[in-house]
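Listed here are the chains, written in short residue letters.
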Amino acid sequence: MKLQEYINEFKGQYHASHGVLIGLTQSQSEVYVDLTVQSAMQYLQKLMMSGKLKEVQSLVTNSPESLLSSSFYQELIDTCVNSYYGLDWDAERKKALAVNILGFVIAGLKQKFEEGGHAPNAQGVMQFLGLDQGLLGKMGSLFGKWF
């Protein structure tokens, strides 16, 4: 998926701009960014497969702060926090880490989206993701019948 390609282009910048400020080592920053991205990608794929493209669209067109009140973003944060099972921090600190990393990743994706000149609509998001809009719609309706 193209999202992973975009994220790989900028994820190395997390430690210097964020990780060091919250007390992570370089290797910890890398591990937690990767865990967060993997969890987020699984969650986003589930959203797309169920035809919830508007939620994915809002990730690349809105600011991370504006997403904090949405239920799907809270589910995304919880999914990421659950991936930190080896981290012995309390739940609130883990949540703050997830919010911090997701904010960084979403801001980076938003920048990539805007730099690519994509329209802030479903077609622009599909183009940004490198997906065929017709195929996704068919898959979403197929899975929607089962779930």
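Numbering of residues starts from 1 in every chain and runs along the sequence as written. At least 70 in pLDDT is required for a residue's local features to be given in this predicted model, at least 80 for side-chain atom pairs to be given and counted, and no such filter applies to totals for whole chains, interfaces and linings, which use all residues. Side-chain numbers here rest on the full set of heavy atoms in the structure, without hydrogens or water.

> Describe in detail the overall build of the protein chain, supporting the description with residues and values.
In terms of regular secondary structure, the protein chain is built from nine helices and zero strands. Each of the 147 residues in the protein chain was classed as buried or not, and the buried ones make up 40%. Should any heavy atoms of two residues lie within 4.5 Å, those residues are considered in contact. The long-range share in the protein chain, meaning contacts at least 24 apart out of those at least 6 apart in sequence, stands at 64%. Put simply, the protein chain shows about 8,100 Å² of open surface, and 54% of that area lies on carbon and sulfur atoms. Secondary structure is summarised from DSSP: a helix means a run of H or I of at least four residues, a strand means a run of E of at least two, and numbering begins at the N terminus for each. Burial status follows relative accessibility: with a 1.4 Å probe on protein chains alone, a residue under 20% of its type maximum counts as buried, one over 50% as exposed, and anything between as partly exposed. Accessible areas in this description were obtained via Shrake-Rupley with a 1.4 Å probe; residue shielding takes into account the shown protein chains only.

> I'd like a rundown of helix H1 (residues 2–10), residues and numbers included.
Those residues of H1 that fall on the buried side of the exposure criterion are Leu 3, Tyr 6, Ile 7 and Phe 10. Seen along its axis, H1 keeps its buried residues to an arc of 95 degrees; they face one direction. The elements touched by buried residues of H1 are helix H2 (14–17), helix H3 (26–49), helix H7 (91–115) and helix H8 (122–129). As used here, the arc belongs to the directions running from the helix axis to the C-beta atoms.

> Tell me what's going on with the side chain of Ser 29, and back it up with residues and numbers.
Structurally, the position occupied by Ser 29 is in helix H3. Other than its neighbours up to four places away in sequence, Ser 29 contacts Tyr 14, His 15, Gly 19 and Leu 24.

> Which residues make up H7, and what values go with them?
To estimate how far a helix should reach, multiply one less than its number of residues by 1.5 Å. Its 25 residues place the ends of H7 36 Å apart at the C-alpha level, agreeing with the 36 Å of an ideal helix rising 1.5 Å per residue. Within the span of H7, buried status applies to Lys 94, Leu 97, Ala 98, Ile 101, Leu 102, Gly 103, Phe 104, Val 105, Ile 106, Gly 108, Leu 109 and Phe 113. Just past H7, the residue Gly 117 takes up positive phi, approximately 70 degrees.

> Explain the side chain of His 118 residue by residue, including any values.
In this fold, His 118 is placed in the loop between H7 and H8. Take His 118: its relative accessible area is 17%, and that puts it in the buried class. Here His 118 is in contact with Phe 113, Gly 124, Gln 127 and Phe 128, once residues within four sequence places are set aside.

> Give a detailed account of the confidence of the model for the protein chain, specifying residues and quantitative values.
Within a predicted model, pLDDT stands for the predictor's per-residue confidence, ranging from 0 to 100. Mean pLDDT over the protein chain works out to 82, with 87% of the residues at or above the 70 mark. Looking at the elements of the protein chain, mean pLDDT is at its lowest for helix H9 (residues 133–146), recorded as 47, and at its highest for H2, recorded as 92. For residues 138–147, every residue scores under 50 in pLDDT, and the model assigns this stretch five contacts once sequence neighbours within four places are set aside.

> Explain the packing of aromatic side chains to me, using residue names and the numbers behind them.
Aromatic rings from Phe, Tyr and Trp, with only the six-membered ring used for Trp, were paired whenever their centres fell within 6.5 Å, and each pair was classed as stacked if the ring planes differed by under 30 degrees, edge-to-face if by over 60, and tilted otherwise. Scanning the entire structure with this criterion turns up five aromatic pairs. Measuring from centroid to centroid gives 5.7 Å for Phe 10 and Phe 104, while their planes differ by 70 degrees, and the two rings are edge-to-face. Here Phe 10, found in helix H1, pairs with Phe 104, found in helix H7; they are 94 residues apart in sequence, far enough to count as distant. As far as burial versus exposure is concerned, Phe 10 and Phe 104 are alike and both buried. With a centroid separation of 5.3 Å and an interplanar angle of 70 degrees, the aromatic rings of Tyr 14 and Phe 104 are classed as edge-to-face. Taken together, the residues Tyr 14 in helix H2 and Phe 104 in helix H7 connect sequence positions 90 residues apart. Phe 104 carries the same exposure label as Tyr 14, and that label is buried.

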